[in-house]
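Structure assessment
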Amino acid sequence: MASNRIKNQHLLWRAGFGPMAENAASLDDFPTQKLWELLIETSVKKPAKIEVARSLSDGLVKGVGEVIRLEKKSPENKAMKKKRRMENKEGIASLNLMWLDTMINSEAQLREKMSFFWHGHFATRVINSYFQQELLQIIRENALGNFGELLRAVSKSPTMLQFLNNQQNKKGHPNENFAREVMELFTMGRGHYTEDDIKEAARAFTGWGFNMQGEFVFRRQVHDEGNKTVLGKSGPFDGDDILTILLNKKETAQFITRKIYRFLVNENIDESRVKSLADDFYQSGYEILPLLNAIFTSDWFYDEKNIGSKIKSPIELLAGIRRYLPMSLDNDEAQMLFQKVLGQVLFYPPNVAGWPGGTSWIDSTSLMVRLQVPQVYSAKEAISLTPKIDDDLAMGTKMEETVRINRNKAYINRGGAADIEWDLIFKAFEKVKRPVLVEAISLSLIQSPKTVSEDIITRFSDESSREAFIKSAVINIMSTPEYQMC
């Protein structure tokens, strides 16, 4: 049976981004139920907006006008278009780093962790930083609320409408992209609809778009008002009607619950548990917090098979290290480079399906980098990182992306260093006697049932003083394959 400490750390990793140095010493005795209640309490408040642009005309964003001009293939100066793309990319990079800092430092760990989940579920990639900022706020505000409300708000966001081409969805010339993805990826999943259902639903979503202020608009003049038949229901449906039909299908509750279970509990799905959770989720009208409560207060969530069974995503790894080791970075851009190399850049999912997760996070290159990250932070060590250039991600600016990466690479070679507040770590272990110090540090960092060799950690740690030993032991344990699991 898992110890109280391991249970608490399990909860903090799955319902948040891991424990902090300040609470490391208290996790042995703190009641797990009370910790869960505290996670809820600190996450109920409406989140402050993470803002990089105040409006579409703000300096970082050139807005819908740019999108429309690009769509119409205007003869606008090529250099100006490139400049605007770069401005938007810089805005999204700022949004990325600000949200990552929020994940690390916010008390609202549960809200930010579920926002991270929904960010991957409703995956979008557009060059407009204002649109991405507004979608992020929709997700963060609704992350613990009602899935139906979240679905409707995301579906009407300019980010999603642009990414899935619904701005071009018009009567007589329906665009099926949004209708297809809302069924396949956002609600029911594959196998529960037909191609005819997609075609008919696309007609219902005609007219959904956004205006020059980045607001949702229903353009009735291009909406198909005729009868449609979708999933056995017939009528003069519009987009809201289709979303209602999808929410009324129990397959939607099952699909969402299964995905949440995989994200929070275990990659190996227990279908009987998912069915029970999904039934309750459906009966509640898709209330998210009661579903999370059922998971995190269950005995089975804390089964040993579920603890340390999940490979940390790159964002979870980076955030978890920085939560445990409070630090200020010499250069925040190093965070962007680590994300690129490790394969998860916030606001740049590989496609509309989001990041696949699981074992896809690990290959020979990424594992080597993962094991070096703590060393880079703590010891100002040199590390040569050259991420693969994804021209789709670079959005046609491959040359600028190469220049930026080379600049970042040069900086990392000089040391992507951080100033770590080690006093908080020392305090967490001040009552631990030297013979069991490695064991205590290991228990606070490792969730995997595979133990780290105390002899090896000791052999490669600095024994010149107690403080030096704690520093080196913490970094050495964080640099093990076992630390990649949570």
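Anything mentioned here points back to the structure above.
The sections below set out a description of the structure shown in this document. (Residues numbered from 1 in each chain as written. Predicted model: local features only at pLDDT ≥ 70, side-chain atom pairs only at ≥ 80, totals over all residues. Heavy atoms only, no water.)

Quick look at the overall build of the protein chain now. Of the regular secondary structure elements, the protein chain holds 24 helices and six strands. Within the protein chain, the fraction of its 486 residues that count as buried is 57%. Relative to all contacts within the protein chain whose residues are 6 or more apart in sequence, the contacts with residues 24 or more apart total 74%. Accessible surface, the protein chain: about 20,700 Å² in total, of which carbon and sulfur atoms supply 51%. (Helix = DSSP H or I, 4+ residues; strand = E, 2+ residues; numbered from the N terminus. Buried < 20%, exposed > 50% of the residue type's maximum accessible area, 1.4 Å probe, protein only. Contact = heavy atoms within 4.5 Å. Areas by Shrake-Rupley, 256 points an atom, 1.4 Å probe, with all protein chains shown as cover.)

All right, on to the pattern of salt bridges then. Inspection of the entire model under this criterion finds 21 salt bridges. With a closest N to O distance of 3.4 Å, E225 and R220 form a salt bridge. Taking the relative accessible area as the measure of exposure, E225 reaches 46% and is therefore partly exposed. What makes R220 exposed here is its relative accessible area of 53%. (Salt bridge = Lys/Arg side-chain N within 4 Å of Asp/Glu carboxyl O.)

The next thing to look at is helix α3 (residues 32-41). Of the residues making up α3, those classed as buried are T32, L35, W36 and L39. Buried residues in α3, looked at end-on, bunch into an arc of 100 degrees, giving them a common side. (Arc of directions from axis to C-beta.)

What follows is about the side chain of Q137. With respect to the helices and strands, Q137 occurs in helix α7 (residues 129-142). The residues contacting Q137, other than those within four sequence positions of it, are P47, A48, K49 and I50.

On the surface, E22, E421, D423 and E467 cluster together into a negatively charged patch. Inspection of the secondary structure puts E421 in the loop between β6 (418-420) and α21 (422-428). (Patch = residues over 30% accessible without salt bridge, like charges linked within 9 Å, V, L, I, M, F, W, Y side chains within 5 Å. Lys, Arg positive; Asp, Glu negative; His and termini not counted. Charge placed at Lys NZ, Arg CZ, Asp CG, Glu CD.)

With that settled, the discussion passes to the environment of E90. Relative to the helices and strands, E90 is located in helix α5 (residues 78-105). Placed 38 residues apart in sequence, E90 and V52 show a C-alpha to C-alpha distance of 9.8 Å.

Where helix α8 (residues 147-155) contacts helix α12 (residues 239-247), the two axes come as close as 11 Å, and the packing angle between them is 145 degrees. The chirality of how α8 crosses α12 is right-handed. Together, F147, G148, L151, R152 and S155 of α8 and D240, L243, T244 and L247 of α12 make up the contact between the two elements. (Axes fitted to C-alpha atoms, helices over the stretch in contact; angles between N-to-C directions. Left-handed = near helix turned anticlockwise from the far one by under 90°.)

Another point: unusual backbone geometry. Here the phi dihedral of N165 falls at roughly 65 degrees; this positive angle occurs in a residue that is not glycine. At F347, a position not held by glycine, the phi torsion is positive, near 75 degrees. With respect to the helices and strands, F347 occurs in the loop between α17 (333-342) and α18 (364-379).

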